[in-house]
Amino acid sequence: MTRHSDPTQVQLTADGRLKHFLTTEGLSKALLTEILDLADSFISTQERAVKKVPLLRGKTVVNLFFENSTRTRSTFELAAKRLSADILNLDIARSATSKGETLMDTLWNLEAMYSDMFVVRHADSGAAHFIAEQVTPGVAIINAGDGRHAHPTQAMLDMLTIRRHKGSIEGKTVAIVGDILHSRVARSQIHALKTLGAKEIRVIGPATLVPKEMTDLGASIHYDMTRGLKDADVVIMLRLQKERMSDALLPSESEYFKLYGLTEEKLKLAKDDAIVMHPGPINRGVEIDSAVADGEQSVILNQVSYGIAVRMAVMAMAMSGQASEQAKQKAGDNA
Amino acid sequence: MSTLTLTHAQLLDPSQELNQLSDVVIENGLITAITAAGQSSSEHDEFNTKNALLIPALIDLSAQVSNVACETLAAAKGGISILCAQPSSKSFIDTPAGVSLIQQASAAASNSQLLPLGALTQALSGDQLANMHSLKQAGCIALSNARAPIKNALVLRRIMEYAATHDILIMLTAEDVDLSANGKMHEGPTANRLGLTGIAEVAETASLAQQLLLIELTGCRAHFSQLSCGRSVEMIRNAQAQGLAVSADVAIANLMFTDVDVNGFDSTFNVQPPLRSEDDRKALLAGVNDGTLAICSNHQPKDIAAKKAPFAAAESGMSIIDSWLSMMLTLVKNKELELRALIHASSILPARILGLTQGVQVGQKANLVVVDQAAEVCYQEETLLSSGKNSPVLGIDLVGEVKLTIAEGREIYRV
């Protein structure tokens, strides 16, 4: 007794091209690889003196952040500028919706400004999906994080990081450590890792922060860091929010660090050439020791620079998918 | 003197073990004769049912009604003779004056009868008892706090003791709001995948266990509204076997849908209690089929803006009243629900719980519905009579079209 459309397909055109980027779930290996390949090519343009490419010239991109974020928003802004788009930053967290305007009203007002793309971050899971279903055809939605659901551009920049530093994702053992329950990053990573052929995805943390249903997504659960890190190729540490203690999910930061914080000693359990990643911003001494964060195996800062290239790639692909769909629509209308 | 003869009806009334092709004669609202089909004289107004099903009219134990005229009209077309109006945070009755307002509005609308359920606690606060006896005297058939929590177990005990003193039927829900805090849907694989906060089964079962123990202690008559877990059905069966005066119902949505239906973040499926697993759905169906559970609509009409938001930000609730009977008949067609269980659960048992007489019997006032159980129906926003267009079955093929509804001897709907 169902009537819903497949949520993972809302982001695709009829011929399977990306037209929004909402989640890594349900995207084919070919499509994920296309994103990575395109991002790779943008990394080389970024190393040039003139960094701009004209793929989004004349387009207006609106950064619609209902939650505060400095880094993600800045990398989206840079990505849009390097694609030659006009960019408008709206800090909704402090403006319209706090005056009682609904999400729908905000959207319609922005559409009236003839925007071509919204980059959306929102505290509610499914918000980007909801907006994608409501906007005028032709407008692309890029999910910059919705609740606990998805953060697909972060996941793809992590995939790019793994691919560039480990050669490929196929056959790799990846350990994701920390607050899995609240992590949209972990969910998006797991979907992408699975599709891209990782050998094993382990999620590590206490039962209060690791839902047992993670096994349904294809991850194995470890409560013990020693076993979880053993022979891992990639160790991804997640940020621990302070409010987890007041929510009675954890007793204290110090006990957490003792059990799940990444130290040089614990990192030795992973493969010798394992890389350490973190979506940032890091809490030194809470989930990761400074010596590890700044150590040789850490690729945390590389992740940030790859972020711009990955965002350029999905923005360009979604805009092009929208354009081809609109062209087909027009041809159909004229026929 | 008005006489109406319903001819060639498949009369089905499990309360009297009736299942026969019959003619039913109604004079001045009273059933005066039930004969084998084709044997009644037809000199009066005749309604040829053409072998349609004739069953006792439905009684809905749980619906929210903001616009009385609108919702009772939808109910009349849906084969419902009586609607129990659950309080809501926006509209609750905690004074006798409020009771008579609803009664007047219901009489003025002249469709399905609306029975007001008074509040158990003042302004549904959960901490101070409403004037329970006065509300009963004023005509409240039962008292309910809807889904507003009564967190303090001592207050709950006092409510039950006071209800037992005055033989007041109380309607309760089972939800530990600390355990379900911020929850938006059933805790399970779908909630985890979508990143929505889950409501664990134990939020219902722990609360139910505590309340059953208090009912045992106080000896009150209690009805649990909208149970959602398979485990809860088992607990109700055990309590009944133990001799407690408890009954329970399940919302039709929980018999038809599961948490998997939330997949597309469709806010229509944001409902309390949440849609649970397929195992729960099956156990709830079994509870209806064996006569343990009643079925309610849990109708909650919402305006468009309330639902046009991301899943977690949308208001919970579904608009059901138009399609309640069709949804149940579709479960019958799918062989998940037995037809006699449907009638028992949506008419006979609710009447028994409320202390009303129900049944198609000579000498009784007519409370019946004629429904073509094979007719295909497909609801669209425009065809819903309810003010709420937040129906989960828009565009879905269902079966069962009501041809005639008679409540308290009064014809309130004819196709």
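Model, not experiment: these values are computed from the prediction.

Reading guide: rules and limits
- Residues numbered from 1 in each chain as written.
- Chains lettered and ligands numbered in written order.
- Predicted model: local features only at pLDDT ≥ 70, side-chain atom pairs only at ≥ 80, totals over all residues.
- Helix = DSSP H or I, 4+ residues; strand = E, 2+ residues; numbered from the N terminus.
- Rg over C-alpha atoms; globule rule 2.2 N^0.38 Å.
- Contact = placed C-beta atoms within 7 Å.
- Buried ≥ 20, exposed ≤ 12 C-beta atoms within 10 Å, placed from the backbone.
- Domains from an automatic or database assignment.
- Nonpolar A, V, L, I, M, F, W, Y, C, P; charged D, E, K, R; others polar.
- Pairing = 2+ DSSP bridges.
- Axes fitted to C-alpha atoms, helices over the stretch in contact; angles between N-to-C directions.
- Left-handed = near helix turned anticlockwise from the far one by under 90°.
- Core = buried A, V, L, I, M, F, W, Y, C linked by C-beta atoms within 7 Å.

1. Digging into the overall build of chain A
The secondary structure content of chain A amounts to twelve helices and nine strands. Over its C-alpha atoms chain A spans a radius of gyration of 20 Å, differing by no more than 12% from the 20 Å that the globule rule assigns to 335 residues. Seen through its C-alpha atoms, chain A measures out along the principal axes to roughly 65 × 45 × 45 Å. Look at the contacts in chain A between residues 6 or more apart in sequence, and 75% of them connect residues 24 or more apart.

2. Observations regarding the overall build of chain B
If you tally the helices and strands in chain B, you get twelve helices and 19 strands. Taken over the C-alpha trace, chain B has a radius of gyration of 21 Å; the compact-globule value for 415 residues is 22 Å, and the two agree within 12%. Each of the 415 residues in chain B was classed as buried or not, and the buried ones make up 59%. Long-range contacts, defined here as pairs at least 24 residues apart, represent 73% of the contacts in chain B between residues at least 6 apart.

3. As for the domain arrangement of chain A
Residue and element names in this part refer to chain A. Examined at the domain level, chain A breaks down into domain 1 (7–150 + 305–334) and domain 2 (152–303). In this structure, domain 1 and domain 2 have C-alpha centres spaced 26 Å apart. The interface is formed by 26 residues belonging to domain 1 together with 21 residues belonging to domain 2. Those elements giving two or more residues to the side of domain 1 that touches domain 2 turn out to be helix H1 (29–46), strand E4 (140–146) and helix H12 (300–334). Element by element, the count of residues in the side of domain 1 that touches domain 2 is highest for H12, at six residues. Class assignment of the residues belonging to the side of domain 1 that touches domain 2 gives a composition of twelve nonpolar, eight polar and six charged.

4. Here we look at the environment of serine 225 of chain B
All names here are of chain B. Structurally, serine 225 is set in the loop between strand E14 (222–224) and helix H7 (230–241). Overall, the presence of 27 C-beta atoms within 10 Å leaves serine 225 in the buried class. Between the C-alpha atoms of serine 225 and asparagine 28, which are 197 residues apart in sequence, the distance is 35 Å. When near neighbours in sequence (up to four residues on either side) are disregarded, serine 225 contacts Leu61, Ser62, Ser144, Met171, Leu172, Thr173, Asp249 and Cys296.

5. Regarding the sheet that holds strand E2 (residues 86–91) of chain A
Strand pairing in a sheet relies on backbone hydrogen bonds, with the paired strands running either antiparallel or parallel. Residue and element names in this part refer to chain A. Strand order in the open sheet formed by four strands is E2-E1-E3-E4, with parallel pairing between adjacent strands. Strand pairing shows two members of the sheet lacking a second neighbour, E2 and E4, which therefore form its edges. Strand-to-strand twist of the sheet, defined as the mean angle between neighbouring strand axes without regard to direction, takes the value 15 degrees. As paired strands, strand E1 (residues 60–65) and strand E3 (residues 117–122) are joined by five bridges and run parallel to one another.

6. With respect to the sheet that holds strand E15 (residues 246–251) of chain B
Residue and element names in this part refer to chain B. The sheet built from six strands is open, its strands ordered E9-E10-E11-E14-E15-E16 with parallel pairing. Of all strands in the sheet, those with a lone pairing partner are strand E9 (118–119) and strand E16 (293–296), marking the two edges. Note that strand E11 (residues 170–172) and E14 share three bridges and pair parallel. When the bridges of E14 are listed, leucine 172 appears paired with phenylalanine 224. Strands E15 and E16 of the sheet are contacted by helix H9 (residues 278–289), whose axis makes an angle of about 110 degrees with E16.

7. Quick look at the domain arrangement of chain B
All names here are of chain B. Here chain B is described as being made up of domain 1 (3–53 + 365–414) and domain 2 (57–354). Just the C-alpha atoms count here: the centres of domain 1 and domain 2 sit 26 Å apart. Each partner contributes residues to the interface: domain 1 has 30 residues there, and domain 2 has 42 residues. Those elements giving two or more residues to the side of domain 1 that touches domain 2 turn out to be strand E17 (368–378), strand E18 (397–407) and strand E19 (410–414). Of the residues forming the side of domain 1 that touches domain 2, the biggest block, seven residues, is contributed by E18. Across the side of domain 1 that touches domain 2, the residue classes tally to 18 nonpolar, ten polar and two charged.

8. Looking at the packing of helix H5 (residues 152–166) of chain A against H12 of chain A
Residue and element names in this part refer to chain A. In the contact formed by H5 and H12, the axes pass within 8 Å of each other and the chain directions differ by 120 degrees. The hand of the H5/H12 crossing is right-handed. Where H5 abuts H12, its residues Thr153, Met156, Leu157, Asp158, Leu160 and Thr161 lie against Asn302, Gln303, Tyr306, Gly307, Val310, Arg311 and Val314. Here the residues of the contact of H5 with H12 sort into six nonpolar, five polar and two charged.

9. What about the nonpolar core?
Grouped together as the largest cluster of nonpolar side chains are 241 residues, with contacts concentrated most on Val235 and Met315 of chain A together with Leu54, Leu143 and Ile170 of chain B. In terms of residue count, the dominant contributor to this core is H12 of chain A (13 residues). Contact partners of methionine 315 of chain A, with chain neighbours within four places excluded, come to Leu56, Ala79, Ala80, Leu83, Met117 and Ile142 of chain A.

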